[in-house]
Amino acid sequence: MMWCARFDRIVHVRTTIINLFLTSSTSSWLGHDEKRSGGGFVGVDGMQFVANDGGGTNVYLSGFNAYWLMTTASDPAQRAKVVAAFRQASAHGLNLARTWAFSDGGDAPLQSSPGVYDEAMFRGLDFVVAQARRHGIYLLLCLTNNFHDFGGKRQYVQWARDAADDDDDLTTAAAADDDDFFNSTVVKGYYKNHVKTVLTRVNGFTGVAYKDDPTIFAWELMNEPRCDADPTGAMVQAWVEEMAPYVKSIDSNHLVTVGLEGFYGLGLHESKALNPWAIYYGTNYIDTHRAPGVDLATIHLYPDLWLWGATPAQQAAFFRNWTAAHARDTQRYLRMPLLVTEYGKFLLRWDQDQGANRSQRERDYFLAMVLDAIYDSASNGGPLVGGAFWQLLDDGMDALRDGYEIILPQDRQAATIIRNHSRQLAQLNGQDRRRRRYRSTSRDRKIRVGSSSSSAGDADTPPPRFPLISLARFVSVFRQISSFFF
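Small disclaimer: the values here were computed from a predicted structure and weren't measured. (Residues numbered from 1 in each chain as written. Predicted model: local features only at pLDDT ≥ 70, side-chain atom pairs only at ≥ 80, totals over all residues. Heavy atoms only, no water.)

Enquirer: Is there a simple way to think about the packing of aromatic side chains in this case?
Expert: For any pair of aromatic rings, the description rests on two quantities: the centre-to-centre distance and the angle between the ring planes. Counting across every chain of the model gives 31 aromatic pairs. An angle of 55° between the planes, with centres 5.2 Å apart, marks the rings of tyrosine 191 and tryptophan 239 as tilted. Of this pair, tyrosine 191 sits in helix H6 (residues 185-199) while tryptophan 239 is found in helix H7 (residues 234-250), placing the two residues 48 residues apart along the sequence. One exposure class covers both tyrosine 191 and tryptophan 239, and it is buried. When the centroid spacing of 5.2 Å and the interplanar angle of 50° are considered together, the rings of phenylalanine 263 and tryptophan 306 count as tilted. A residue pair is termed long-range when its members are at least 10 positions apart, and phenylalanine 263 in the loop between strand E10 (255-257) and helix H8 (285-289) and tryptophan 306 in helix H9 (residues 303-306) qualify at 43 residues. This pair shows no difference in class: phenylalanine 263 is buried, exactly as tryptophan 306 is. One aromatic cluster is present, formed by Phe263, Tyr264, Tyr281, Tyr285, Tyr302, Trp306, Phe318, Trp322, Phe346 and Tyr404 through successive ring pairs. Its end group placed over the ring of tyrosine 246, lysine 192 keeps NZ or CZ at 5.3 Å from the ring centre. The ring of phenylalanine 122 has arginine 201 lying over it, and the distance from NZ or CZ to the ring centre is 4.3 Å. (Phe/Tyr/Trp six-rings, centres within 6.5 Å; stacked < 30°, edge-to-face > 60°. Helix = DSSP H or I, 4+ residues; strand = E, 2+ residues; numbered from the N terminus. Buried < 20%, exposed > 50% of the residue type's maximum accessible area, 1.4 Å probe, protein only. Lys NZ or Arg CZ within 6 Å of the ring centre and 35° of its normal.)

Structural data, given as C-alpha cells:
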C-alpha cells in the first residue's frame, strides 16, 4: 500500500516539544500521578484471573487493540499519539492493551535479520511499556504474526532460506513453505532467540526487565496461528508444546497464551461445524489450549468478515453460538479464563458520507452484544472474563483506518458503551467473596502468578508499512474456502 505522507510543520514542532517534555527524564514515568497497572503480576485461579496484590483480587479485562504503538513510538516526534491513546483508554476505564512486540524485517523492523535488532524501535516498545505502566493499563504482547504483515512467519522462513543458500549444511533444516515455520529447526531457533531477546530486554525508561515487569499481563506466542499444510492441527500443536514451556523457562512471572482465533479442529470434543464455513484452519481449540505452559484461552470474533454476504441477523446468530460454545467448552474441558482478544465489525464509511447511520447502529449493537456476553459470564463466575476491541485510533490517524477503528472522541455512542462496560467489570471486584462457589475446585488448574500448569511525522506520516490486516484475513479465509471446495 502506498502511504500518503503530508508534513504539517506546526503540528510537528508542537509534538516534538511535548515529547521532549515527556521524555526528559525517567522519573517522569514514575511520578506521583502514576496509576500503575495493578499491584503485581496477574495469575489464574481456576477460570479467573487474580492479582498478586495480597488480597487475591479478581481481574476483569476491558481492553483494546493498538498494533501500531511500538512502531509509532519509535519516532520521538510521534510519541504524543501513544500518550493520547493510553490517556483516552484510561479515561474510559480500559485496562488492557494488546499490541505487537515484533516487526520482522521490512522497512521498519524491530528485528532486521535473525538476532539483529533496531535500538530505536526497541526504545519505542520501551516507551509503550512505560506509558502503559503510567496509565494503569496491562499489556498483552504478541511475539510474531501468522500473516506476512510486519514480517511474521513468512519472513522467518525467508531468513532460513537465505541462510541455507549461504550454507549447504543448513539446507535440510531450512524451510520451503510458510507453514514450515512450525517445524523447521532453524526457524524455531530464530523464534526462540527473539523470545529470549524480548523477555530479557531491560526497559530504558523504567530500568525494569520485561520479564520482571507486572505491567505486562501475558505473552502471546503468535497472532492468529493457522496452518494450511496440516489441517489436523498437529503441526501447530507440537509447536505450541515446545514454545510455551520455552517462554516459561525464561519468564516464570507472566501468563502465556497461544493467540488462537478459536477455530475447532479434529481433536476430542471439537467440531468443525462450529467454524466459519465449517472447514478446518489447522488448529485445535481445546487440545492446543491444554498444552503445557498455556494459561488462558482466546477467541476472535469477526462475523461480517468470516461470514461475508450473511445478513446481520445471521451474523448475530453466529456470534451467540460462537461465544456460547467456547464459554461452554472452556468451562467443561479447559477450566481456565477465556478472553475475546479481538472483536470488531466493519463500519461502512460511505454510509456516513450519505447521511445514513445504519452501519453505525449495527456496529454499536454488535459492540453491546459482545460486551454484554462478557459481563454476563464474568458476573456469574463463567470463564469469559474480558475482551479487547479492534482497534483504537486517535483523531488524525486516518492513514491507519481499516474500517474497524474506534476513535473514542468521535464515536460517542461506542465510547459510552465501552465506558459503561468498563465500569461494570470494575464493580465486580467487590463480589469476589460472594462468588467463591464459582471459583476453582479440586479439579481446576491452580496457577500461581505466571507459572505453568505443569510442575514445570504527525498523524498523516505513519511508519511505512502498516498493513491492510482485514484484507489479509479475508484473503486467508478465501483461500481456505476455495481449497475446501475445489
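Enquirer: Teacher, can you tell me more about the packing of helix H3 (residues 79-91) against helix H4 (residues 119-135) here?
Expert: Their axes nearest at 10 Å, the elements H3 and H4 cross at an angle of 25°. By the angle class used here, H3 and H4 are roughly parallel. In this structure, the crossing between H3 and H4 has a hand that is right-handed. Contact residues: Arg79, Val82, Val83, Phe86, Arg87 and Ser90 in H3; Arg123, Gly124, Phe127, Val128, Gln131, Ala132 and His135 in H4. (Axes fitted to C-alpha atoms, helices over the stretch in contact; angles between N-to-C directions. Parallel < 35°, antiparallel > 145°, perpendicular 65-115°, else oblique. Left-handed = near helix turned anticlockwise from the far one by under 90°. Contact = heavy atoms within 4.5 Å.)

Enquirer: Even after reading the chapter, I still don't get the sheet that holds E10, so can you show me in this structure?
Expert: Within a sheet, adjacent strands bond to each other through the backbone by hydrogen bonds, running parallel or antiparallel. What the eight strands build is an open sheet, ordered E10-E9-E8-E5-E4-E13-E12-E11; its pairing is parallel. Of all strands in the sheet, those with a lone pairing partner are E10 and strand E11 (297-301), marking the two edges. In this sheet, neighbouring strand axes are inclined to one another by 25° on average, regardless of whether the strands run parallel or antiparallel. (Pairing = 2+ DSSP bridges.)

Enquirer: What should I look at first to understand the confidence of the model for the chain in this one?
Expert: Interpretation of the predicted coordinates at a detailed level should be avoided for regions scoring low in pLDDT. Averaged over every residue, the pLDDT of the chain is 83; residues scoring 70 or more account for 76%. Segment residues 1-34 is flagged for pLDDT under 50; beyond a separation of four residues in sequence, or across chains, it makes 52 contacts in the model. (pLDDT = per-residue confidence, 0-100.)

Enquirer: It is not clear to me how the environment of threonine 99 should be interpreted in this structure. Could you clarify?
Expert: Mapped onto the elements of the fold, threonine 99 is located in strand E5 (residues 96-100). Taking the C-alpha atoms as reference, threonine 99 lies 9.8 Å from glutamate 220; in sequence the two are 121 residues apart. Not counting residues within four places of it along the chain, the set of residues in contact with threonine 99 comprises Ala66, Tyr67, Trp68, Leu69, Leu140, Leu141 and Cys142. Among the polar contacts listed, one links the side chain of threonine 99 to the backbone oxygen of alanine 66, at a separation of 2.7 Å. (Polar contact = N/O pair within 3.5 Å; in protein donor to acceptor, adjacent residues only side chain to side chain.)

Enquirer: I keep staring at the nonpolar core and nothing clicks. Help me out?
Expert: In this structure, Phe64, Trp68 and Phe86 are the most contacted members of the largest nonpolar core, which totals 112 residues. One finds Val44, Tyr60, Ala218 and Leu255 within the second-largest nonpolar core, a separate group that totals 19 residues. (Core = buried A, V, L, I, M, F, W, Y, C linked by side-chain atoms within 4.5 Å.)

Enquirer: How do you make sense of helix H13 (residues 412-427) when you look at a structure like this?
Expert: For the α-helix, the turn length of 3.6 residues means that residues three or four positions removed from each other point alike. End to end, H13 covers 23 Å across 16 residues, agreeing with the expected 22 Å (1.5 Å per residue, within 8%). Packing partners of the buried residues in H13 comprise strand E4 (61-65), helix H12 (358-379), strand E13 (384-389) and strand E15 (406-407). (Expected span 1.5 Å × (residues − 1).)

Enquirer: When you look at the packing of helix H10 (residues 312-334) against H12 in this model, what are you seeing that I'm missing?
Expert: A pair of packed helices can be characterised by two numbers: the angle between their axes and the separation between those axes. It is the contact of H10 with H12, at a shortest axis distance of 11 Å, that shows an interaxial angle of 15°. In terms of axis orientation, H10 runs roughly parallel to H12. Classified by chirality, the crossing of H12 by H10 is right-handed. Two secondary-structure elements touch here, H10 through Pro312, Ala316, Phe319 and Arg320 and H12 through Glu362, Tyr365, Met369, Val370 and Ala373. Of the residues contributing to the contact of H10 with H12, the split by class is seven nonpolar, no polar and two charged. (Nonpolar A, V, L, I, M, F, W, Y, C, P; charged D, E, K, R; others polar.)

Enquirer: For this particular structure, what's the right way to read unusual backbone geometry?
Expert: The phi torsion of most residues other than glycine is negative, and most of the peptide bonds are trans. At the junction of tryptophan 390 and glutamine 391, the peptide bond is cis and its omega measures out at -10° in the coordinates. Within the secondary structure, glutamine 391 sits in the loop between E13 and strand E14 (392-393). Positive phi, close to 60°, is recorded for phenylalanine 150, a residue that is not glycine. With respect to the helices, strands and loops of the structure, phenylalanine 150 is situated in the loop between strand E8 (138-142) and helix H5 (152-166).

Enquirer: Quick question: what am I supposed to make of the pattern of salt bridges here?
Expert: Any two side chains of opposite charge can pair, so long as their charged atoms come close to each other. Under the defined criterion, the tally for this structure stands at 18 salt bridges. The shortest N-O distance in the salt bridge between glutamate 342 and arginine 98 comes to 2.7 Å. Separated by 244 residues along the polypeptide, glutamate 342 in strand E12 (residues 338-343) and arginine 98 in strand E5 bring together distant segments of the chain. Residue class for glutamate 342 comes out buried when judged on its relative accessible area of 0%. Across the pair lysine 188 and glutamate 242 runs a salt bridge whose closest N-O atoms are separated by 2.9 Å. Residue lysine 188 is found in helix H6, and its partner glutamate 242 is found in helix H7; the two are separated by 54 residues along the sequence. (Salt bridge = Lys/Arg side-chain N within 4 Å of Asp/Glu carboxyl O.)

Enquirer: Explain the environment of proline 109 to me, please; I cannot follow it from the model alone.
Expert: Among the structural elements, proline 109 can be located in the loop between E5 and strand E6 (111-113). For proline 109, a relative accessible area of 13% puts it in the buried group. Distance in space between the C-alpha atoms of proline 109 and methionine 121 is 7.2 Å, their sequence separation being 12 residues. Residue contacts for proline 109: discarding those within four places in its chain leaves Ser103, Asp118 and Met121.

Enquirer: Sorry if this is basic, but what is going on with the pairing of strand E2 (residues 48-51) here?
Expert: Burial along E2 is two-sided: the residues Gln48 and Val50 and Phe49 and Ala51 are all buried. Strand direction decides the pairing type here: strand E1 (residues 42-45) and E2, joined by four bridges, are antiparallel. Along E2, the bridge assignment pairs aspartate 45 with glutamine 48. Counting the residues between successive antiparallel strands, the hairpin from E1 to E2 contains two residues, one of them, glycine 46, with a positive phi of roughly 65°. Note: E2 against strand E3 (residues 58-59), two bridges, orientation antiparallel.

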